[in-house]
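Architecture at a glance
Now for the letters of each chain:
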Amino acid sequence: MTSKKQAVAVYGAYGHTGRFVVSELRRRGWTPILSGRDPEKLSAIGAEHPGLAVRPASVDEPASLDRALVGAVAVINCAGPFASTSAPLIEAALRARIPYLDVAAEIEANIDTFELFADRAREEGIVVVHAMAFYGGLGDLLATAAMGDWTSADEISIAYGLDSWRPTPGTLIAGQVSKQRRDGRRVVFANGKLSYITGAAPVVDWTFPAPMGKQPVIAEFTMADTVTISRHLKTPEIRSYMTVAAVKDLTDPNQLAPTASDESGRSSQTFLVEVLARRGGEERRAVASGRDIYAFSAPLVVEAMARVVSGQVKTAGVFTAGEAFDARDFLASLCPEHLSLEIR
């Protein structure tokens, strides 16, 4: 197993999710290198973590990114909008010859990463794990775990039961960039392909496991999971659902940012994610629940990084969570501290 204490660069270390990633790295014995675009914010988080290297870097200055990655065994990109940061950071990781991981949940940035870097990363022998976050990563792992030994499914549905969704400033900015790039259209995966459609998304009911029960949900809700799942699981239909209550919070003109409810910084928000795979008359399910969608991304991406650095991903290239790892084993490693899990 790779020795701990090794350095991992965290770009966007002072952001909401970045702070959780820094703390999770330290908790697990890694040494974060604090990096990002804002020197003042970097200095502030550096003061909170004395002794850590603080390295300002701009995505517009490749040399500064190269300096930021010196001595790192991997880089984790937590800085959105990823449409602006992913490509420059991946280029820097390729130059440094170290793995790259991010927590991107912007559909257009997700697509770009696969299209622009899949061949190059494979040719240069570098592992890139994209969308390793609550959105894009968890759903993909759950779908892969639910499929089990099935090589295909008639349909995969993923339903998000969030009791609330207080978006971070980064989420709002990334959402605006993503929405502009697709001209306000929604993204669905139907008939074996991604499609962009207009019009209001339908509202239906979804019955979640107890204690959440039946909830109104937005069907055809645009999600990064549409991209990640379709990358490697064979199915003609991927359906995504989000609780109406969460969408109302997200679109509230007076949005409130997440607020800490304990010393770890986690909010009291809870989530329940249910994935259903259907094939013929058979159904398989995977259900996960936990607390704080932003905080949860930290153990998810740090566990992924640790597995990549220790050589558990044998092939180079750009991967989703479900492609890169044994989904059931990966999810089990997060239980019970970060996740409650049921696969049936």
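Refer to the structure printed above.
The text that follows walks through the structure, step by step, so that each part is easy to find. Because the structure is predicted, anything quoted here is derived from the model rather than measured. (Residues numbered from 1 in each chain as written. Predicted model: local features only at pLDDT ≥ 70, side-chain atom pairs only at ≥ 80, totals over all residues. Heavy atoms only, no water.)

What to know about the layout of surface pockets
Defined as follows: Here a cavity is any set of points on a 1 Å grid over the protein atoms alone where a 1.4 Å probe fits but cannot get out, and a pocket is any open set with protein on both sides within 12 Å along at least 5 of 7 lines; a residue lines the site when it has an atom within 4 Å of a point. Grid points are joined across faces, edges and corners, and a volume is the space filled by probe spheres set on the points. Secondary structure elements are defined from DSSP: runs of H or I of at least 4 residues count as helices, runs of E of at least 2 residues count as strands, and each element is numbered from the N terminus. Side-chain classes follow a simple rule in which Ala, Val, Leu, Ile, Met, Phe, Trp, Tyr, Cys and Pro form the nonpolar group, Asp, Glu, Lys and Arg form the charged group, and the remainder, Gly included, forms the polar group.
Reported here for the second largest pocket is a volume of approximately 440 Å³. Those elements that place two or more of their residues in the lining of the second largest pocket are helix 1 (16-27), helix 2 (39-48) and helix 10 (293-309). Considering every element that reaches the lining of the second largest pocket, the biggest residue donor is helix 1, with seven residues. Class assignment of the residues belonging to the lining of the second largest pocket gives a composition of nine nonpolar, eight polar and seven charged.

Some words on the nonpolar core
Quick reminder of the rule: Side-chain atoms within 4.5 Å link the members of a nonpolar core, which is a set of buried Ala, Val, Leu, Ile, Met, Phe, Trp, Tyr and Cys residues. Between buried and exposed lies partly exposed: a residue is buried under 20% and exposed over 50% of the maximum accessible area for its type, with that area taken using a 1.4 Å probe on protein chains only.
If you look at the biggest cluster of nonpolar residues, it comprises 82 residues, and the most contacted ones within it are M132, F134, L162, W165, M242 and M305. If one sorts the elements of this core by residue count, helix 10 sits on top with 13 residues. If you look at the next biggest cluster of nonpolar residues, it comprises 30 residues, including L89, L94, V187 and V227.

Describing the pattern of salt bridges
Two side chains bearing opposite charge may form a pair once their charged atoms approach each other closely. Put simply, the rule reads: Put simply, a salt bridge is a Lys or Arg side-chain nitrogen that is within 4 Å of an Asp or Glu carboxyl oxygen.
Under the criterion given, the structure shown has 23 salt bridges. In this structure, the salt-bridge partner of R181 is D112, at a minimum N-O distance of 2.9 Å. Of this pair, R181 sits in helix 7 (residues 169-181) while D112 sits in helix 5 (residues 107-124); the two residues are 69 residues apart in sequence, bridging distant segments of the chain. Its relative accessible area of 26% is what places D112 among the partly exposed residues. Between E155 and R278 there is a salt bridge, with its nearest N and O atoms 2.7 Å apart.

Some words on the sheet that holds strand 6 (residues 127-129)
Definition in use: Pairing between two strands requires that DSSP report at least two bridges joining them. Helix axes are fitted to C-alpha atoms over the stretch in contact, other axes to C-alpha atoms as well, and angles between N-to-C directions run from 0 to 180 degrees. The contact rule is simple, with two residues in contact once any of their heavy atoms fall within 4.5 Å.
One open sheet holds the seven strands; their spatial order is 3-2-1-4-5-6-15, and the pairing between them is parallel. Two strands bound the open sheet, and with one partner strand each, they are strand 3 (54-56) and strand 15 (317-319). For this sheet, the mean inter-axis angle between neighbouring strands, taken without regard to orientation, is 20 degrees. With two bridges connecting them, strand 5 (residues 100-102) and strand 6 associate as parallel partners. Its bridge partner being in strand 6, Y100 is matched across the sheet by V128. On the sheet, helix 1 packs against strand 1 (7-11), strand 2 (31-36) and strand 4 (72-77) and is oriented at approximately 170 degrees with respect to strand 1. Sitting on the sheet, helix 2 is in contact with strand 2 and strand 3, with an inclination near 170 degrees to strand 3.

Here's the deal with the side chain of S86
Summarising the element assignment, S86 is placed in helix 4 (residues 82-96). We classify S86 as buried; its relative accessible area is 2%. Not counting residues up to four positions away in its chain, the partners in contact with S86 are N77, Y100, D102, T113 and H130.

Here we look at helix 6 (residues 134-147)
Quick reminder of the rule: To estimate the expected span of a helix, count its residues, drop one, and scale the result by 1.5 Å.
Compared with the 20 Å implied by 1.5 Å per residue over 14 residues, the 19 Å span of helix 6 between its first and last C-alpha is a close match. Most of helix 6 is tucked away: 14 of the 14 residues are buried. Where helix 6 terminates, the next one or two residues include G148, which has phi positive at roughly 55 degrees.

Notes on the packing of helix 6 against helix 10
What counts, and what does not: Helix crossings are classified by the rotation of the near helix relative to the far one: an anticlockwise turn of less than a right angle makes the crossing left-handed, while a clockwise turn makes it right-handed.
Where helix 6 contacts helix 10, the two axes come as close as 10 Å, and the packing angle between them is 65 degrees. Two packed elements cross with a definite hand, and for helix 6 against helix 10 that hand is left-handed. Of helix 10, the residues touching helix 6 (which contributes F134, Y135, G137, L138 and L141) are I293, F296, S297 and L300. A breakdown of the residues in the contact of helix 6 with helix 10 according to their chemical character gives seven nonpolar, two polar and no charged.

Focus on the packing of aromatic side chains
Counted only if it meets this: Between 30 and 60 degrees the pair is tilted, below 30 it is stacked and above 60 it is edge-to-face, where a pair is any two Phe, Tyr or Trp rings, Trp via its six-membered ring, whose centres lie within 6.5 Å.
Counted according to the given criterion, the structure contains 10 aromatic pairs. Members of the aromatic cluster, each reached through a chain of ring pairs, are F134, Y135, Y160, W165, F271 and F296.

What to know about the pairing of strand 12 (residues 238-243)
For strand 12, the tally of buried residues reaches five of six residues, placing the bulk of the element in the interior. Relative to strand 12, strand 7 (residues 155-162) is paired through five bridges, and the arrangement is parallel. Within the sheet, the bridge partner assigned to A159 lies in strand 12 and is Y241. As paired strands, strand 11 (residues 214-219) and strand 12 are joined by three bridges and run antiparallel to one another. Along strand 12, the bridge assignment pairs V217 with T243.

Considering the side chain of D292
This is how it is decided: Under this rule, positive means Lys or Arg and negative means Asp or Glu; His and the chain ends count for nothing.
Structurally, D292 is set in the loop between strand 14 (282-291) and helix 10. As a buried residue without a salt bridge, D292 has its nearest oppositely charged side chain in R266, at a separation of 6.1 Å. In this structure, D292 is in contact with F20, G265, R266, S267, Q269 and F271, ignoring residues within four places of it in sequence.

Some details on the pairing of strand 9 (residues 193-197)
Direction of pairing for strand 8 (residues 186-190) relative to strand 9: antiparallel, over a ladder of five bridges. Each residue of the ladder has a partner; that of V187, found in strand 9, is Y196. Hairpin connection between strand 8 and strand 9: a loop of two residues separates the two successive antiparallel strands, and N191 in this loop has a positive phi of roughly 55 degrees.

A closer look at the packing of helix 1 against helix 10
Heads up, the condition is: When describing relative orientation, an angle under 35 degrees is termed roughly parallel and one over 145 degrees roughly antiparallel, while 65 to 115 degrees is termed roughly perpendicular and anything else oblique.
Following both chains from N to C, one finds helix 1 and helix 10 inclined at 50 degrees, their axes separated by 8 Å at the closest point. Judged by the inter-axis angle, helix 1 sits oblique to helix 10. In this structure, helix 1 meets helix 10 at a crossing whose hand is right-handed. Of the residues in helix 10, those touching helix 1 at H16, T17, F20, V21, E24 and L25 are Y294, A295, S297, A298, P299, V301, V302 and M305. Split by residue class, the contact of helix 1 with helix 10 holds 10 nonpolar, three polar and one charged.

By themselves, these observations are geometric and do not establish any function.
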